[in-house]
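Architecture and fold: a report
The lines below spell out each chain.
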Amino acid sequence: MLFLLNEQMIDLDIPAMTLRERVGSRADKLGAMSPRAVMTLGQEMYFNLPEGKAPDEQARTVLACLIAMRIEADAALFVRPPHARRPQDVAIRFATLPITTLSFLNMMQEVDMLTPRLINENVWERATQETA
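Residues numbered from 1 in each chain as written. Predicted model: local features only at pLDDT ≥ 70, side-chain atom pairs only at ≥ 80, totals over all residues. Heavy atoms only, no water.

A complete count under the given rule lists four salt bridges for this structure. Taking the shortest distance from any N to any O, the salt bridge between Asp28 and Arg20 comes out at 2.5 Å. Owing to a relative accessible area of 40%, Arg20 belongs among the partly exposed residues under this scheme. Ionic pairing is found between Arg22 and Glu57, a salt bridge with its closest N-O pair at 3.3 Å. A residue pair is termed long-range when its members are at least 10 positions apart, and Arg22 in helix α1 (residues 15-23) and Glu57 in helix α4 (residues 57-70) qualify at 35 residues. Glu57 sits in the partly exposed class, given a relative accessible area of 48%. (Salt bridge = Lys/Arg side-chain N within 4 Å of Asp/Glu carboxyl O. Buried < 20%, exposed > 50% of the residue type's maximum accessible area, 1.4 Å probe, protein only. Helix = DSSP H or I, 4+ residues; strand = E, 2+ residues; numbered from the N terminus.)

By secondary structure assignment, the location of Pro35 is in helix α3 (residues 35-47). Each C-alpha atom, one on Pro35 and one on Met69, is 9.1 Å from the other, the two residues being 34 residues apart in sequence. Here Pro35 is in contact with Arg70 and Ile71, once residues within four sequence places are set aside. (Contact = heavy atoms within 4.5 Å.)

Attention shifts here to the nonpolar core. Core analysis: the biggest nonpolar cluster contains 25 residues, and Phe3, Leu5, Tyr46, Leu63, Ile67 and Phe78 have the highest contact counts within it. Contributing elements (two or more residues each) for this core: β1 (2-5), α1, α3, α4 and β3 (75-79). For this core, the element with the highest residue contribution is α4, accounting for seven residues. Of all hydrophobic cores here, the second largest spans 16 residues; its members include Leu2, Ala95, Leu118 and Ile119. (Core = buried A, V, L, I, M, F, W, Y, C linked by side-chain atoms within 4.5 Å.)

Written out as structure tokens, the structure is:
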């Protein structure tokens, strides 16, 4: 399964199996988290990052697996506003994308051409139009 987390495509394979590979025996506890708890985890992760930094690969993969499993989305965006004072200030968006869009974004990442603009045009602007 392909997953878009902020500006990076991640191949999760089978999320439950990937989660178990990454966290071992903690997978059952993490996999039982409520959707709200998963959102809170993501907000805390992005709130506590130094400005301009992204979570490490392990953290991104675990968060993406949890979102895929518990929220049933395949794209997530976490944005920490400049004057955020607490994790709850981190904005969240989720989307479910066609496999063609995910494959296109993954291909663009593989050739080092995945940009925030391309993601916005193919994911978040379309998600806004579909919900309007």
